[in-house]
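Overview (structure and organization)
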Amino acid sequence: MIRVCVDLEALSSAAAELVAAEAQRAVQTGGRFAVALAGGGTPRRTYEILSREPYRKLVPWEKTHVFWGDERCVAAADTRSNALMARQALLDHVPVPTVQVHPMRCNRSPAASAERYETELRSFFAGGAPRFDLILLGLGDNGHTASLFPGTPVLAERRRWVAEVHVAEEGMHRLTLTLPVINQAAAVVFLVSGGGKASILREVLEGSPGPHPVPAALVRPAGRLMWLVDRDAARLLRHR
Ligand code: 6PG
């Protein structure tokens, strides 16, 4: 499903509505809501809207368990931290129990940090499949999503749930959920805004798969896949 919204504000309102609906659905059917948040800049407005009425009341925060799709290996107070952004925009303003917020910590070696987060996930999913109720994702202009960057070994990872990635162009390590986890989610929602994403969005949604598929195009969840895009990002799409 692709929904074109007039601008980032409309996209963010639609995203907040979707998160609330998925949260209510998950709690009604399974008694809890397990969500993996996206990082980067696009989701910030969605998180701010969720932190205020009516969503402050609509989302069953006390039954919500917050994880991340990826994290940069920076200090917790570093402005590049995805967890810091989500805390400032949302988590510091809603009553999610602290024990139910699971930031990715990268204070050991990246590989050890990835292993530790995977252990945390395996414990949460009680040894079963890692089936998130909702995973929010963004789209980088090179086609990466979470920290699944083009040309990195993590794209071929089929066993591990969490992996470390060295992003050469950033000179930084990151941690990311792997495709096997993302593709087991009950629902995946991409949030894509801005004319700078128009070309890559068309490639992901309408391009023909080549020898090096765009990472975001590898996200084909067993559950529902939804794209919330604004008009600028959608301007090159032939079908919308
Ligand atoms: C990250 C994100 C990443 C992001 C895209 C889009 O940690 O950077 O997880 O996958 O979603 O880079 O970022 P913007 O929303 O800032 O364009």
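Before reading further, recall that the structure is shown in the block above.
First, a word on what this report is: a plain description of the structure on this page.

Rules used throughout
Residues numbered from 1 in each chain as written. Predicted model: local features only at pLDDT ≥ 70, side-chain atom pairs only at ≥ 80, totals over all residues. Heavy atoms only, no water. Helix = DSSP H or I, 4+ residues; strand = E, 2+ residues; numbered from the N terminus. Buried < 20%, exposed > 50% of the residue type's maximum accessible area, 1.4 Å probe, protein only. Contact = heavy atoms within 4.5 Å. Areas by Shrake-Rupley, 256 points an atom, 1.4 Å probe, with all protein chains shown as cover. Lys, Arg positive; Asp, Glu negative; His and termini not counted. Charge placed at Lys NZ, Arg CZ, Asp CG, Glu CD. Pairing = 2+ DSSP bridges. Right-handed = clockwise from strand over helix to strand, strands pointing away. Phe/Tyr/Trp six-rings, centres within 6.5 Å; stacked < 30°, edge-to-face > 60°. Lys NZ or Arg CZ within 6 Å of the ring centre and 35° of its normal. Axes fitted to C-alpha atoms, helices over the stretch in contact; angles between N-to-C directions. Near = heavy atom within 4 Å. Polar contact = N/O pair within 3.5 Å; in protein donor to acceptor, adjacent residues only side chain to side chain.

Turning our attention to the overall build of the protein chain. The helix and strand inventory of the protein chain stands at 7 helices and 9 strands. C-alpha atoms of the protein chain, sized along the principal axes, occupy 45 × 40 × 35 Å. Residues classed as buried in the protein chain amount to 55% of the 240 residues present. Taking the contacts inside the protein chain whose residues are at least 6 apart along the sequence as the reference set, 76% of them involve residues at least 24 apart. Per element, the accessible surface of the protein chain, about 10,700 Å² overall, is 51% carbon and sulfur. Looking at the protein chain, you have 29 positive and 24 negative side-chain charges, and the mean spots of the two groups are 3 Å apart.

Here strand S9 (residues 224–230) lies mainly inside the structure; 5 of its 7 residues are buried. Inspection of the sheet shows strand S8 (residues 187–192) paired to S9 by 6 bridges, in the parallel sense. Counterpart to valine 189 in the pairing with S9 is methionine 226. In this region the chain leaves S8, passes through helix H7 (residues 198–206) and returns to the parallel neighbour S9; the handedness of that crossover is right-handed.

A few words now on the packing of aromatic side chains. Each aromatic ring pair is characterised by the separation of its centres together with the angle its planes make. Enumeration over the complete set of coordinates arrives at 6 aromatic pairs. Arranged with centres 6.4 Å apart and planes meeting at 75°, the rings of phenylalanine 67 and tyrosine 117 form a pair that is edge-to-face. A residue pair is termed long-range when its members are at least 10 positions apart, and phenylalanine 67 in strand S3 (residues 64–68) and tyrosine 117 in helix H5 (residues 110–124) qualify at 50 residues. A relative accessible area of 0% means that phenylalanine 67 is categorised as buried. Take tyrosine 117: its relative accessible area is 3%, and that puts it in the buried class. Ring geometry for phenylalanine 124 against phenylalanine 125: centres 4.9 Å apart, planes inclined by 85°, an arrangement best described as edge-to-face. Among the aromatic side chains, those forming a connected cluster through ring pairs are Phe67, Tyr117, Phe124, Phe125 and Phe132. The ring of phenylalanine 124 carries the charged tip of arginine 32 above its face, separated from the ring centre by 3.9 Å. If you follow arginine 122 out to its NZ or CZ, it ends over the ring of tryptophan 161, 4.0 Å from the centre.

Here 3 strands make up an open sheet; going across it, the order is S4-S7-S6 and the pairing antiparallel. Pairing within the sheet leaves two strands with one partner each, and these edge strands are strand S4 (70–72) and strand S6 (162–167). Each adjacent strand pair in this sheet contributes to an overall mean axis angle of 20°, direction not counted. Of the strand pairs in this sheet, S4 and strand S7 (residues 172–177) are connected by 3 bridges, and their pairing is antiparallel. Bridged to aspartate 70 within S7 is threonine 176. Its contacts with the sheet place H5 against S6 and S7, and it is angled at close to 150° to S6.

Bringing the site of the ligand into the picture now. The immediate surroundings of the ligand are formed by 15 residues, with Thr42, Asp70, His144, Ala146 and Lys197 found nearest. The contact in question runs from an oxygen atom of the ligand to an N or O atom on the side chain of threonine 42, over 2.6 Å. A distance of 2.7 Å is found between an oxygen atom of the ligand and a backbone nitrogen or oxygen belonging to alanine 146. The fraction of the free accessible surface of the ligand (410 Å²) that becomes covered by protein chains is 85%.

This brings us to H7. The set of residues buried in H7 consists of Ala198, Ile200, Leu201, Val204 and Glu206. The inward-facing, buried residues of H7 contact S8 and S9.

With that settled, consider the pairing of S7. Counting buried positions along S7 yields 5 of 6 residues, so the element is predominantly enclosed. The sheet contact formed by S6 and S7 spans 6 bridges and is antiparallel. Note on S7: the bridge partner recorded for valine 162 is leucine 177. The antiparallel hairpin formed by S6 and S7 contains 4 residues in its connecting segment, where glycine 171 sits at a positive phi of about 60°.

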